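# Structural description and commentary
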Amino acid sequence: MVNTNALAFCSVFQYAMVFDAGSTHTTMVVYKWQANKFNGTGVVSQVASCDMSGGIGVVLRADPRAAADGYFRDCVAAGLDSVPEGRRGHSPVTLAATAGMRLLRSESPDEAQQVLGNVSRALERAATGMLFSVNSVRIITGQEEAVAGWISANYLLKTIFPKPTKLVGMLDMGGASTQITFLHHNNQSAPQSASVYDTSLQLYGARHELYARSYMCYGQEQLLNRYLVVLVQDHFPRDTDSLRTLRVGSPCHNAGFNYSVGYNDYVNVCSETSYTNKFRNVTVKVEGESNPDQCKQRIQSLLNPDDCNATFSNKECFAVPTNHPPDTNFVAVSGFYYVMQYLEFAKKHPPLKDFLVATKKSCSRTWEQTVSTLPGVKEEYASKVCFNAQYQANLLVDGYGIKENTWQNIDFLKKVNNTSVGWTLGFTIQSTNAFPEEQAEEPFSATIFVSLMFIIAVGIGVCLTLTVINLIKHCCKKNQISVK
């Protein structure tokens, strides 16, 4: 039987315009895939991208409508240029907001809904002719983000398509949340005990049972906010009526580095306690102390669920994930990679003990030594190397149970096959399962195809026969003998 799709002269491509609305910036990416998919899932490639600075939860609050229109205009135009006009009505637009908007929704549900409404209207005005639905603009869960990142990593590593090979786990460190995702088992049987963090995927004809967990408030920036709140509470005096400035020593900052923060800079829904309202009008001057042992103890306390529940109002506390199979290979991206880069391990994989020694050393340096060690690195990032490195050491070793022998199974990567690992690629790949297959443009039926092949074959045969006859006649004339 002839596969008519395979006989098509032109393939139909499906397109999607996807916006990753993070806490500090938004990225627009246009993807495409052939409508005749591989075992039900699209083989996706990126065709365009564009960045917008500032998270939507911040940028679109002052003057919502005007800000939203201007915010999206240029990137939507760039996206439309990469989608053929004839395909726009079939191509969806999706904006998925992540941890930044999840925080805003926790803080003010009405305000979050207003921002999403303005975003939806602005995108419909800008992306005229594209496909919109009631779910085009929404806040995705941390688990969705974790699963999508896992798909992206394995797709780029070519371990999930065209058939599963050695699938890797995924570790992602953001500003507001951190994620861990891995296969439950080496085989494809369902896990024995169900969990709210379990996800079953069907991709390219194979099923995958995942454990995917996102820890809200445990991204680097939000955990630093919690750290500062605890420091302030520990230093706060009883008599606060006339207090306007408070100096606090920070063991996780380098000695010689000092900076000031106002209440709104570090107190939010993640770091709020029953005590924080007392220092609403106090400016805090943070003074580095370079004390690695105390820094480690402070971060251990922040990861301790009992200490967390006793301190913070929202009860978003760390809990040890289920055990991953010991042979799991992980890729660690985003914040994980940059810590390794700042510790000068970006081009080599150190033993675990070397990483821990380097972490302690980074927290023992003075600010002057740190600056000289990291030439060209912005102060904003250099000042957080000690805190971020110690946090990741505690998280990986104490939280995720990484040992010396399994540490070598982690690859700290900025890119996979020269492509940044973002969740939007995996999100789009997973979404293609829901799109019906479209027949290729102007396909030939099997009958027509066979008839055409017969006609072409007959034509070729006739041409060859006539050519041979002409050659024979020519040769005969040339060799003819004249008789007088």
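You'll find the protein entered in an unreviewed UniProt entry as Ectonucleoside triphosphate diphosphohydrolase 1-like isoform X1, with Frankliniella occidentalis given as the organism. Within the UniProt record for the protein, the comment given under Sequence similarities (unreviewed entry) is "Belongs to the GDA1/CD39 NTPase family."

Bringing the state of the cysteines into the picture now. Per the counting criterion, the structure on display carries 5 disulfides. In this model Cys 50 forms its disulfide with Cys 75; the gap between the sulfur atoms is 1.9 Å. A torsion of -70 degrees about the S-S bond marks the disulfide between Cys 50 and Cys 75 as left-handed. Of this pair, Cys 50 sits in strand 3 (residues 45-53) while Cys 75 sits in helix 2 (residues 64-81), placing them 25 residues apart in sequence. Sulfur-sulfur distance for the disulfide between Cys 217 and Cys 270 comes to 2.0 Å. Its torsion about the S-S bond being -85 degrees, the disulfide of Cys 217 and Cys 270 is classed as left-handed. Of this pair, Cys 217 sits in the loop between strand 9 (206-216) and helix 6 (220-235) while Cys 270 is found in the loop between helix 7 (263-266) and strand 12 (283-288), placing the two residues 53 residues apart along the sequence. By relative accessible area, Cys 270 is classed as buried at 0%. Sequence-ordered numbering of the bonded cysteines in the protein gives a disulfide pattern of 1-2, 3-5, 4-6, 7-8, 9-10.

Now for the sheet that holds strand 5 (residues 137-139). The 5 strands are arranged 3-2-1-4-5 in an open sheet whose pairing can be described as mixed. The open sheet has two free edges, formed respectively by strand 3 and strand 5, since each of these has just one partner strand. Taking each pair of neighbouring strands and ignoring which way they run, the sheet shows an average axis angle of 20 degrees. Bridge count for strand 4 (residues 93-97) against strand 5 is 3 bridges, and the pairing is parallel. Paired with Leu 95 across the two strands is Val 137, which belongs to strand 5.

A separate point is the nonpolar core. One finds Leu 171, Tyr 218, Tyr 266, Tyr 400 and Trp 407 to be the most contacted residues of the largest nonpolar core, which totals 65 residues. Beyond its immediate sequence surroundings of up to four residues, Leu 171 is in contact with Gln 179, Ile 180, Phe 330, Val 331, Ala 332, Val 333, Phe 336, Leu 396, Tyr 400 and Ile 410. With 34 residues, the next largest nonpolar core counts Val 44, Val 168, Val 421 and Trp 423 among its residues.

Note on placement: Gly 79 falls in helix 2. A C-alpha to C-alpha distance of 7.4 Å links Gly 79 and Val 29, two positions 50 residues apart in sequence. With residues up to four places along the chain from it excluded, the contact list for Gly 79 reads Met 17, Met 28 and Val 30.

Taken together, the 6 strands give an open sheet; going across it, the order is 8-9-7-6-13-14, and neighbouring strands pair in mixed fashion. Strands with a single pairing partner mark the edges of an open sheet, and in this sheet they are strand 8 (198-203) and strand 14 (410-412). The mean angle between the axes of side-by-side strands here comes to 20 degrees, regardless of whether they run parallel or antiparallel.

Criteria and thresholds
- Residues numbered from 1 in each chain as written.
- Predicted model: local features only at pLDDT ≥ 70, side-chain atom pairs only at ≥ 80, totals over all residues.
- Heavy atoms only, no water.
- UniProt positions renumbered as here; feature names shortened; annotations may be inferred.
- Disulfide = S-S within 2.5 Å.
- Helix = DSSP H or I, 4+ residues; strand = E, 2+ residues; numbered from the N terminus.
- Buried < 20%, exposed > 50% of the residue type's maximum accessible area, 1.4 Å probe, protein only.
- Pairing = 2+ DSSP bridges.
- Axes fitted to C-alpha atoms, helices over the stretch in contact; angles between N-to-C directions.
- Core = buried A, V, L, I, M, F, W, Y, C linked by side-chain atoms within 4.5 Å.
- Contact = heavy atoms within 4.5 Å.

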